[in-house]
Amino acid sequence: MNRMPSIVFAILCMAFLIYSGSIYIYGASASEGTEFKAEAGNGKLVWQKYNCQGCHQMYGLGGYLGPDLTNVSSKWQNDTILEAVIRSGNERMPSYHGMDRKNMKALLVFLREMDASGTADPRNFRREMNGMIYRNENRN
Ligand code: HEC
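Counting of residues starts from 1 at the beginning of each chain's written sequence and follows it residue by residue. Thresholds applied to this predicted model are a pLDDT of at least 70 for local features of residues and 80 or more for the giving and counting of side-chain atom pairs; totals over whole chains, interfaces and linings are not thresholded and use all residues. Heavy atoms from the whole structure form the basis of all side-chain values; hydrogens and water molecules are not counted.

A. Broad picture of the nonpolar core. In these notes, a set of buried Ala, Val, Leu, Ile, Met, Phe, Trp, Tyr and Cys residues joined through side-chain atoms within 4.5 Å is what counts as a nonpolar core. Exposure categories follow from relative accessible area, calculated using a 1.4 Å probe and restricted to protein chains: below 20% of the type maximum is buried, above 50% is exposed, and the middle band is partly exposed. Core analysis: the biggest nonpolar cluster contains 16 residues, and Trp47, Met58, Ile86, Leu107, Phe110 and Leu111 have the highest contact counts within it. If you list the elements that add at least two residues to this core, you get α2 (38-49), α4 (79-88) and α5 (101-116). For helices the rule is a DSSP run of H or I covering at least 4 residues; for strands it is a run of E covering at least 2, with both sets numbered from the N terminus onward. Sorting elements by how many residues they give to this core places α5 first, with six residues.

B. Just the packing of α4 against α5, in detail. Angles run from 0 to 180 degrees between N-to-C directions of axes, and those axes are lines fitted to C-alpha atoms, restricted for helices to the stretch in contact. The contact between α4 and α5 brings their axes to 11 Å, and the two run at 115 degrees. The way α4 lies across α5 gives a crossing that is right-handed. On α5, the residues that touch Asp79, Leu82, Glu83, Ile86 and Arg87 of α4 are Arg101, Met104, Leu107, Leu108, Leu111 and Arg112. The class makeup of the residues in the contact of α4 with α5 is six nonpolar, no polar and five charged. By convention, the crossing between two helices is left-handed when the near helix turns anticlockwise from the far helix through less than a right angle, and right-handed when the turn is clockwise. Throughout, a contact is declared for two residues whenever any of their heavy atoms are within 4.5 Å. Note that Gly is not counted as nonpolar here; it falls among the polar residues with everything else outside the nonpolar set of Ala, Val, Leu, Ile, Met, Phe, Trp, Tyr, Cys and Pro and the charged set of Asp, Glu, Lys and Arg.

C. How the structure looks around the pattern of salt bridges. Salt bridges are defined as contacts in which a side-chain nitrogen from Lys or Arg sits within 4 Å of a carboxyl oxygen from Asp or Glu. Under the criterion given, the structure shown has four salt bridges. Here arginine 112 and aspartate 79 are joined by a salt bridge, their closest N and O atoms 2.6 Å apart. Taken together, the positions of arginine 112 in helix α5 and aspartate 79 in helix α4 put the pair 33 residues apart, joining distant regions of the chain. Looking at aspartate 79, the relative accessible area reads 26%, which means it is partly exposed. In this structure, arginine 87 engages glutamate 83 in a salt bridge whose closest nitrogen and oxygen atoms are separated by 2.9 Å. Taken as a pair, arginine 87 and glutamate 83 lie in helix α4 at a separation of four residues, close to a single helical turn. You'll find arginine 87 and glutamate 83 in the same group, each marked buried. Put simply, Glu83, Arg87 and Arg101 are held in one network by salt bridges that share partners.

Structure, rendered in structure tokens:
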């Protein structure tokens, strides 16, 4: 009887277990510092509720009518101006003047946290063997 298939199967099972184990052990440390404030979590819900991602990207993902907003907070320096930009809109961007203060505040925290999490320029990304993506620390 040919035992080759069962040997290959056993090797694949081993590889799967070792890989899963290493993701489980090392993956936890890789997520350090990427935790969001609760307020930013609410802001993300606002972002989704108002469908900002239909026209805007975060780290290159989203709609392409408007610009990538990953680092829009640092572009505008202060939240008062950024809020005004969002509330007024323009001919291509809808105005959100009706958004209540609570939602707007959460949204601004979300945008600031996203900004702090990295730079949207993919040239600054480094891909590791395990499939994780890191930011190159020396370029920012
Ligand atoms: C229908 C598409 C659309 C939706 C939905 C939309 N935007 Fe926009 N937004 C745009 C476009 C297009 C621009 C670029 C306007 C221009 O430069 O003339 C823009 C510009 C912006 C800017 C200024 C960007 C910069 O680089 O200064 C901000 C901030 C912004 N949008 C935030 C938001 C937020 C927050 C939401 C959700 C609450 C949202 N947008 C929803 C289309 C959209």
